[in-house]
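# Fold and contact review
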Amino acid sequence: MSEYIHKIQKCLETSKTNGKSLNIGIDGLSGDSLVGFLQRAVDLHSENKDEIYLEIGVFKGYTLTSVAACNPSVACFGVDNYSKYDEEGTNKKTAVSRADEFTSGNVTFIDEDFEEAMLNLETFVGNKRIGTYFIDGPHDYRSQYLCLEYAKKYLSDDC
């Protein structure tokens, strides 16, 4: 097993036991173990300025904000067009407000359908690579597949 896989395994074990590595005092739908894992996984590549965190499906920004706050030197991108689960039209405002309050300005919101965003990802991230990728957008098979297929050329070696 590679050294990196051992590091990921350690992130999983630590997150299962300890939850989040940084609690900023907001809540959301993702569990503490998942958020903790993402915080720790992003930290593994935080020294590499050419790698980003990319999240598909932002909702109200809990996971994106928690990861970005814990890793202020990492560029974090969230893709969501806020077309679902937002009858009042407030989810984007909540996500932006949370990012503004709790992060170092390292969050970029991509307000587009995930397919359009992923087909044009270079427009948003330049030549950076995805170090950690969290797909929490549309949960149907086709959408999950496309999220992976469109991202392939942007994934870092250890993503």
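For the structure, check the block above.
Below you will find a few notes about this structure. Worth saying up front: this structure is predicted, and the values here are computed from it rather than measured.

The next thing to look at is the side chain of T132. Following the sequence through the fold, T132 ends up in strand β4 (residues 129-135). A distance of 2.9 Å separates polar atoms of two side chains, one belonging to T132 and the other to H45. Residues within four places of T132 in sequence aside, it is in contact with L38, A41, V42, H45, I52, Y53, L54 and C159.

Helix α3 (residues 62-70) sits mainly inside the fold: eight of its nine residues count as buried. The complete set of buried residues in α3 reads Y62, T63, L64, T65, S66, V67, A68 and A69. Buried-residue contacts for α3 involve α2 (32-44), β1 (51-56), β2 (76-79), α4 (91-102), β3 (107-110) and β4.

Pairing is parallel across the open sheet formed by four strands, whose spatial order is β3-β2-β1-β4. Both outer strands of the open sheet, β3 and β4, are each paired with one neighbouring strand and no more. Recorded for the sheet is a direction-independent mean angle of 20° between the axes of neighbouring strands. Taken together, the four bridges between β2 and β3 define a ladder with parallel strand orientation. When the sheet's bridge partners are listed, C76 is paired in β3 with V107. Helix α7 (residues 141-151) rests against β1 and β4 of the sheet, and its axis sits at about 180° to β4.

Bringing the pairing of β2 into the picture now. Burial along β2 is two-sided: the residues C76 and G78 and F77 and V79 are all buried. In the sheet, β1 pairs with β2 via four bridges, with the strands oriented parallel. Directly across from I56, in β2, lies its bridge partner V79. Following the chain from β1 across α3 to the adjacent parallel β2, one finds a crossover that is right-handed.

Cut-off values and rules
Residues numbered from 1 in each chain as written. Predicted model: local features only at pLDDT ≥ 70, side-chain atom pairs only at ≥ 80, totals over all residues. Heavy atoms only, no water. Helix = DSSP H or I, 4+ residues; strand = E, 2+ residues; numbered from the N terminus. Polar contact = N/O pair within 3.5 Å; in protein donor to acceptor, adjacent residues only side chain to side chain. Contact = heavy atoms within 4.5 Å. Buried < 20%, exposed > 50% of the residue type's maximum accessible area, 1.4 Å probe, protein only. Pairing = 2+ DSSP bridges. Axes fitted to C-alpha atoms, helices over the stretch in contact; angles between N-to-C directions. Right-handed = clockwise from strand over helix to strand, strands pointing away.

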